[in-house]
Amino acid sequence: MPLPVNLAVFISGGGSNLQSLIDAAKAGRLSAKIVLVVSSRADAFGLERARREGIDSVVYRAKDYPNPEEAEAELLKILEQYKVDFIALAGYMKMIPATVIKRFIDKITNIHPALLPKYGGKGMYGHFVHEAVLASRDKESGATVHLVDEIFDHGKILMQERVPVIPGDTPESLAERVLKVEHEIYPLALEQLIRGEFGNG
Ligand code: GAR
């Protein structure tokens, strides 16, 4: 696939991972042009980040459509319009429909704020993950970049990095330490995937 590839980034919130991908692309560390930001929420701060960078964005909510089939068809249409090659989920809190996963096999990535397969699955997102890690008294946590398949937090793991859990940690302090690592490994893993270095493509 010719570089740079066209990348869509899906968000639901602050979009700090979106920012790290924008920064990496600008610095030439990520061979991607971010052509579109898709947000599941109209009030996501990540939309403001997109606006500042002159990146097109759409608010996409499946529930705005009469049925799931029409919702999925619309999402596929938008992705086709923007000639999207890869999709990076960055704090996106909704399921990706099966038709989209089939159309983009091995081309959708997610970042998860823990060491999968631990602390993954339905309901395990954002602060819930960090609360669960602290409740179990684990000595370490971390971040995972993985491919997206039809099962939540299940696809092939591309990259992981550990961080220590420090006595006195709160979900917020742990989240902050993990987020730093997320910002480092997401562009790295995505770049390797785009270049076919995981045996893909
Ligand atoms: C990140 O910590 C990301 O790993 C997590 O949400 C946060 C989004 O932050 N994602 C999940 O929990 C997905 N299961 P951001 O909006 O600042 O990138």
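Residues numbered from 1 in each chain as written. Predicted model: local features only at pLDDT ≥ 70, side-chain atom pairs only at ≥ 80, totals over all residues. Heavy atoms only, no water.

Student: Even after reading the chapter, I still don't get the pairing of strand E4 (residues 86–89), so can you show me in this structure?
Tutor: Each regular strand displays side chains that alternate between the two surfaces of the sheet. Along E4, one buried face is formed by Phe86 and Ala88 and the opposite face, lined by Ile87 and Leu89, is buried too. One ladder, built from four bridges, connects strand E1 (residues 5–11) with E4; its direction is parallel. In the sheet register, Phe10 faces E4, and the bridge partner there is Leu89. As paired elements, E4 and strand E5 (residues 108–112) share three bridges and run parallel to each other. Pairing of Ala88 across the sheet is with Thr109, part of E5. Taken together, E4, helix H4 (residues 98–103) and E5 constitute a β-α-β crossover, and its handedness is right-handed. (Buried < 20%, exposed > 50% of the residue type's maximum accessible area, 1.4 Å probe, protein only. Helix = DSSP H or I, 4+ residues; strand = E, 2+ residues; numbered from the N terminus. Pairing = 2+ DSSP bridges. Right-handed = clockwise from strand over helix to strand, strands pointing away.)

Student: Sorry, what's going on with unusual backbone geometry here?
Tutor: If a residue is not glycine, its phi is most likely negative; likewise, a peptide bond is most likely trans. A cis amide bond links Leu3 with the next residue in sequence, Pro4, at an omega value of -5°. For Pro4, the location among the structural elements is in the segment before E1. Of note, the amide linkage connecting Leu116 to Pro117 takes the cis form, showing an omega dihedral of 10°. You can see Pro117 is positioned in the loop between E5 and helix H5 (127–135). You will see that Asp106, though not glycine, has its phi angle at about 60°, which is positive. In this fold, Asp106 is placed in the loop between H4 and E5. Located in the positive-phi region is Arg137, a residue other than glycine, with phi close to 60°. Here Arg137 lies in the loop between H5 and strand E6 (140–147).

Student: Could you clarify how one ought to interpret the pattern of salt bridges in this entry?
Tutor: Any two side chains of opposite charge can pair, so long as their charged atoms come close to each other. Summed over all chains, the structure comprises 12 salt bridges. With its nearest N and O atoms 3.7 Å apart, the salt bridge here joins Glu48 to Arg52. Note that Glu48 and Arg52 are positioned in helix H2 (residues 45–53) at a spacing of four residues, about one turn of the helix. Residue Glu48 is classed as partly exposed on the basis of its relative accessible area of 28%. Residue classification places Arg52 among the exposed positions, given a relative accessible area of 57%. Between Arg103 and Glu80 there is a salt bridge; the shortest N-O distance is 2.9 Å. (Salt bridge = Lys/Arg side-chain N within 4 Å of Asp/Glu carboxyl O.)

Student: Just checking my understanding: could you explain the site of the ligand for this structure?
Tutor: In the vicinity of the ligand lie 14 residues, with Gly15, Ser16, Asn17, Gly126 and Glu182 positioned nearest. Gly126 places a polar main-chain atom, nitrogen or oxygen, 2.9 Å from an oxygen atom of the ligand. Here the ligand, which alone exposes 450 Å², has 88% of that area covered by the protein. Contributions of two or more residues to the shell around the ligand are made by helix H1 (16–26), E5 and helix H6 (171–194). Taken together, the residues of the shell around the ligand sort by class into six nonpolar, seven polar and one charged. (Near = heavy atom within 4 Å. Polar contact = N/O pair within 3.5 Å; in protein donor to acceptor, adjacent residues only side chain to side chain. Areas by Shrake-Rupley, 256 points an atom, 1.4 Å probe, with all protein chains shown as cover. Nonpolar A, V, L, I, M, F, W, Y, C, P; charged D, E, K, R; others polar.)

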